[in-house]
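Summary of the model geometry
Spelled out from the first residue to the last, the chains are:
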Amino acid sequence: MSKFADLHIHTYFSDGTSSPAEVVSEALEVGLSCIAITDHDTIDGIEPTIKIANKKNLEIISGIELSSEVDGKDIHILGYLLDIKQDALIEKLTQMQEVRIERLKKMILKLKSLGINNIEFEEVARLSRSKSVGRPHLAKVLKDKGWVSSISEAFGKYLGETSPAYVPKYKISTYEAIKFIRSQGGVSVLAHPMLTNRDELIPSFVEAGLQGVEVYYPNLSQTVADHYIGLAKKYNLLLTGGSDAHGKAKTSTFVGKIKIPYDLVEKLKTHHLK
Ligand code: AMP
Ligand code: FE
Ligand code: FE
Ligand code: ZN
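How each quantity is defined
- Residues numbered from 1 in each chain as written.
- Chains lettered and ligands numbered in written order.
- Predicted model: local features only at pLDDT ≥ 70, side-chain atom pairs only at ≥ 80, totals over all residues.
- Heavy atoms only, no water.
- Near = heavy atom within 4 Å.
- Polar contact = N/O pair within 3.5 Å; in protein donor to acceptor, adjacent residues only side chain to side chain.
- Areas by Shrake-Rupley, 256 points an atom, 1.4 Å probe, with all protein chains shown as cover.
- Helix = DSSP H or I, 4+ residues; strand = E, 2+ residues; numbered from the N terminus.
- Nonpolar A, V, L, I, M, F, W, Y, C, P; charged D, E, K, R; others polar.
- Buried < 20%, exposed > 50% of the residue type's maximum accessible area, 1.4 Å probe, protein only.
- Lys, Arg positive; Asp, Glu negative; His and termini not counted.
- Salt bridge = Lys/Arg side-chain N within 4 Å of Asp/Glu carboxyl O.
- Contact = heavy atoms within 4.5 Å.
- Donors = N, O, S within 2.8 Å, 3.2 Å for Na, K, Ca; no water.
- Phe/Tyr/Trp six-rings, centres within 6.5 Å; stacked < 30°, edge-to-face > 60°.
- Tetrahedral: all angles 85-135°; square planar, octahedral: opposite > 155°, others 65-115°.

1. Considerations on the site of ligand 1
Surrounding ligand 1, one finds D15, R100, R103, G134, R135, P136, F155 and K169. In this structure, an oxygen atom belonging to ligand 1 sits 2.8 Å away from a main-chain N or O atom of R135. Between K169 and ligand 1, the recorded distance is 2.7 Å, taken from a side-chain N or O atom to an oxygen atom. For ligand 1, whose accessible area on its own is 500 Å², the fraction buried by protein is 59%. Looking at the shell around ligand 1, the elements that each hand over two or more residues are α3 (87-113) and α5 (135-144). A per-class count over the shell around ligand 1 returns two nonpolar, one polar and five charged.

Given below as structure tokens:
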């Protein structure tokens, strides 16, 4: 029987809403054999997911989705098959999480100066199980406390890039992100290039050590997918794919919305530690 994988899934350890147990049962329900947990800038969800999947017929691949930038453009790099017990990895991620915490505190101060004075850091931090806190969590608190009636209003009025409580987030460069994943023995993959839309940078990413590109992604036309499959061939990159499921936080997708053939996972594994 053919086996299938979904290599892009978020849990409530970053900005998804699903627990590891929910992700595992959803994956089994849709007949997946393998999933990768790829939370934003944190690996905290991996071990709990492995524990739950243990003894069930589901393989868990360790992953991460690093936020990085080139010339102010947000670019997401997926890292697969990382050794989640390595001190250097944990240390670097802890630093990145501290940056997020400081930034969140600044946004709360900005909200206070706008008269929104009943939001405390601790209650926002509680919404994310790890330390990877961000604007989605703050948006939820704004909504729960009645300052706005929806998450999108929270972004529009306060948290969007041109809104008054926005604080930019320091990000590592995409080149650093790729090299960092490689230095940890991981496989580096450009996430959803069709959303990022900066194809002209791909050759420089390849030079920095990029090994794959996420060509299978929800709600794509075949033409767009073919375009990226062509680019992957040109630069000799691995093909990966995943649903980018965020639980209830992203209704346009779900675990298993993208199912890729398991032989792509096997190819990914041959690039581990290369
Ligand atoms: P952060 O990493 O803290 O800057 O938060 C970025 C996240 O906020 C993105 O990954 C989205 O999930 C979410 N986000 C950004 N803009 C919006 C928006 N206009 N409406 C809803 N969610 C948004
Ligand atoms: Fe996200
Ligand atoms: Fe992403
Ligand atoms: Zn994602």
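From this point, things continue past the structure.
2. What about the side chain of D6?
Here D6 shows up in strand β1 (residues 4-9). Within the buried core, D6 has no salt-bridge partner, and the shortest N-O distance to an opposite charge, that of K259, equals 9.2 Å. At a separation of 3.2 Å, a polar atom in the side chain of D6 contacts the main-chain amide nitrogen of H8. Other than its neighbours up to four places away in sequence, D6 contacts L32, C34, I35, A36, G241, G242, S243, F254, V255, G256, K257 and I258.

3. As for the coordination of the iron ion (ligand 3)
Binding of the iron ion (ligand 3) to the protein goes through E65 (OE), H76 (ND1) and H192 (NE2), at separations of 2.0 to 2.2 Å. Mapped onto the sequence, the residues coordinating the iron ion (ligand 3) show the spacing E-x10-H-x115-H. Between the iron ion (ligand 3) and the iron ion (ligand 2) there is a metal-metal distance of 5.8 Å. Of this pair, H76 sits in strand β4 (residues 73-80) while H192 is found in the loop between β6 (187-190) and α8 (193-196), placing the two residues 116 residues apart along the sequence.

4. Digging into the packing of aromatic side chains
With the rule as written, the count across this model stands at two aromatic pairs. Consider the rings of Y175 and F205, whose centres lie 5.5 Å apart with planes at 55°: the pair is tilted. You can see Y175 sitting in helix α7 (residues 174-183) and its partner F205 sitting in helix α9 (residues 202-208), a full 30 residues away along the chain. Overall, the relative accessible area of 24% leaves Y175 in the partly exposed class.

5. Let's talk about the coordination of the zinc ion (ligand 4)
On the protein side, the zinc ion (ligand 4) has H8 (NE2), H10 (NE2), E65 (OE) and D244 (OD) as donor atoms, found 2.0 to 2.2 Å from it. Geometry at the zinc ion (ligand 4) is irregular, judged from its four donor atoms and the angles of 79 to 172° they form at the metal. Within one chain, the residues donating to the zinc ion (ligand 4) are spaced in sequence as H-x1-H-x54-E-x178-D. In this model, the zinc ion (ligand 4) sits 4.8 Å from the iron ion (ligand 2). Assessed through its relative accessible area of 0%, H8 is described here as buried. Accessibility expressed as a relative area gives 1% for H10, which makes it buried.

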